[in-house]
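So you can see what is in the structure, the chains are spelled out below.
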Amino acid sequence: MADKLSSRLYPSRIDLPADARVKIVELLNQTLAATTDLKTQTKQAHWNVKGTDFYQLHELFDEIADELEEYVDMFAERITALGGYACGTARMAAANSILPEYPVDILDGMQHVTALAERFAPYAKHIRQAINITDDLGDADTADLYTEVSRTIDKRLWFLEAHLQPAEVKSENGTTTAKTKEKVTAK
């Protein structure tokens, strides 16, 4: 962040060195921006999804957004627990997010699923890298926070990608064929 709010430290008795806390707080603020952005992009999908899977995707997207909102709060509170300044406004998030802008020309459910999967993947990578960085800086608590988030983000990416993957159907002769969701019928 150009204004250096993201690395501002207040006096603290926490036993992590100030130079490590500056790096951790900067990373957490980058994560806070991306998490806020991902949450709002997920809500964008929630509000605008259309198509045959509307209800299920509308509900899924809302559930994911609620989880992300919890993570926004967890990251912001960790920043302040380390003596940092949480840069959490929507404008700060937009200016500092690592994620691409959400497409505004889509409505179909699978287009929204694809757009979200394309954002969850780099976000998951960022979270995993942050685990290693904060661990290397001696902050096991922040690394643990990132690990907790990583598990859920990977699960949500799996849920999104499962909508995009064809189902496999075994024929009577034992061969497996891939079929799209629309073509798979229960017997």
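Residues numbered from 1 in each chain as written. Predicted model: local features only at pLDDT ≥ 70, side-chain atom pairs only at ≥ 80, totals over all residues. Heavy atoms only, no water.

K.L.:
What is the right way to look at the packing of aromatic side chains in this model?
P.N.:
How two aromatic rings sit relative to each other is given by the distance of their centres and the angle of their planes. Counted by the stated rule, this structure contains two aromatic pairs. Pairing Phe 75 with Tyr 146 gives two aromatic rings, centres 5.3 Å apart and planes at 40°, and the pair type is tilted. Of this pair, Phe 75 sits in helix H2 (residues 54–81) while Tyr 146 sits in helix H5 (residues 140–164); the two residues are 71 residues apart in sequence, bridging distant segments of the chain. Both residues of the pair, Phe 75 and Tyr 146, count as buried. Between the NZ or CZ atom of Arg 8 and the centre of the ring of Tyr 85, over which it lies, the distance is 4.7 Å. (Phe/Tyr/Trp six-rings, centres within 6.5 Å; stacked < 30°, edge-to-face > 60°. Helix = DSSP H or I, 4+ residues; strand = E, 2+ residues; numbered from the N terminus. Buried < 20%, exposed > 50% of the residue type's maximum accessible area, 1.4 Å probe, protein only. Lys NZ or Arg CZ within 6 Å of the ring centre and 35° of its normal.)

K.L.:
Can you walk me through the confidence of the model for the chain in this structure?
P.N.:
Interpretation of the predicted coordinates at a detailed level should be avoided for regions scoring low in pLDDT. With 87% of its residues at a pLDDT of 70 or more, the chain has an overall mean of 90. At the low end of the mean pLDDT range in the chain sits strand E2 (residues 176–179), at 56; at the high end sits helix H4 (residues 109–136), at 98. Within the model, the stretch residues 180–187 combines pLDDT values under 50 with five contacts to residues more than four positions away or in other chains. (pLDDT = per-residue confidence, 0-100. Contact = heavy atoms within 4.5 Å.)

K.L.:
Where do I start with the side chain of Lys 43 in this structure?
P.N.:
One can find Lys 43 in helix H1 (residues 18–48). Lys 43 sits in the buried class, given a relative accessible area of 17%. Apart from residues no more than four positions distant in its own chain, Lys 43 is found in contact with Asp 62 and Ala 65.

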